[in-house]
Amino acid sequence: MTETGGKKQLLHLVFGGELESLDDVQFRDLTGLDIVGIFPDYASALTAWKSKAQSTVDNAHMRYFIVHMHRLLDPEDKSPK
């Protein structure tokens, strides 16, 4: 796996969108999803997630998520976060 500065890349995707209901994760409009970006580690993804989540706090149906892409790319990897 590629390393940057001696540190293993643990890619994380931050995205969000408006949910149909507060009880489930079903988006109202898949074409309207906000893809914030892909980040090299959990800490930078969390910073981006917090920023987007706080900027949409007035809309209860708007939710942002962090996807641990490195776990999808390498399911055998047991790295934390």
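Computed from a predicted structure; not experimentally measured. (Residues numbered from 1 in each chain as written. Predicted model: local features only at pLDDT ≥ 70, side-chain atom pairs only at ≥ 80, totals over all residues. Heavy atoms only, no water.)

A closer look at the packing of aromatic side chains
Point 1. On inspection of all chains with the given rule, the structure shows 3 aromatic pairs.
Point 2. Plain terms: the ring middles of F27 and F65 are 6.1 Å apart, the flat faces sit at 85° to each other, and that makes the pair edge-to-face. Of the two residues, F27 is situated in the loop between strand 3 (12-18) and strand 4 (34-39) and F65 in strand 5 (residues 62-68); the sequence distance between them amounts to 38 residues.
Point 3. Accessibility expressed as a relative area gives 24% for F65, which makes it partly exposed.
Point 4. Taken together through their ring pairs, the aromatic side chains of F15, F27 and F65 make up a single cluster. (Phe/Tyr/Trp six-rings, centres within 6.5 Å; stacked < 30°, edge-to-face > 60°. Helix = DSSP H or I, 4+ residues; strand = E, 2+ residues; numbered from the N terminus. Buried < 20%, exposed > 50% of the residue type's maximum accessible area, 1.4 Å probe, protein only.)

Re the nonpolar core
Point 1. Core analysis: the biggest nonpolar cluster contains 5 residues, these being L13, F15, L19, F27 and M69.
Point 2. Those residues in contact with L13 that lie beyond four places of it in its chain are I35, G37, I38, F65, I66, V67 and M69. (Core = buried A, V, L, I, M, F, W, Y, C linked by side-chain atoms within 4.5 Å. Contact = heavy atoms within 4.5 Å.)

Structural notes on the confidence of the model for the protein chain
Point 1. Summing up the model confidence of the protein chain, the mean pLDDT is 88 and the portion of residues at 70 or higher is 86%.
Point 2. Looking across the protein chain, the model is least confident in strand 1 (residues 3-4), with a mean pLDDT of 52, and most confident in strand 4, with 97. (pLDDT = per-residue confidence, 0-100.)

Notes on the pattern of salt bridges
Point 1. According to the stated counting rule, one finds 2 salt bridges in the structure shown.
Point 2. Where E18 meets R28, a salt bridge forms, and the shortest distance between an N and an O atom there is 3.1 Å. Of the two residues, E18 is situated in strand 3 and R28 in the loop between strand 3 and strand 4; the sequence distance between them amounts to 10 residues.
Point 3. With its nearest N and O atoms 3.1 Å apart, the salt bridge here joins D34 to K52. One end of the pair, D34, is in strand 4; the other, K52, is in helix 1 (residues 42-55), with 18 residues separating them in the sequence.
Point 4. Of the residues examined, K52 reaches a relative accessible area of 26% and is grouped as partly exposed. (Salt bridge = Lys/Arg side-chain N within 4 Å of Asp/Glu carboxyl O.)

Things to note about the sheet that holds strand 5
Point 1. Strands sit in the order 4-3-5 across an open sheet of 3 strands; the sheet is antiparallel. The open sheet has two free edges, formed respectively by strand 4 and strand 5, since each of these has just one partner strand. With direction set aside, neighbouring strand axes in the sheet form an average angle of 15°.
Point 2. Relative to strand 4, strand 3 runs antiparallel, the two sharing 5 bridges. Looking at strand 4, one finds that G16 is bridged to D34.
Point 3. Sheet strands touched by helix 1: strand 3, strand 4 and strand 5. Its angle to strand 5, the strand with the most contacts, is close to 175°. (Pairing = 2+ DSSP bridges. Axes fitted to C-alpha atoms, helices over the stretch in contact; angles between N-to-C directions.)

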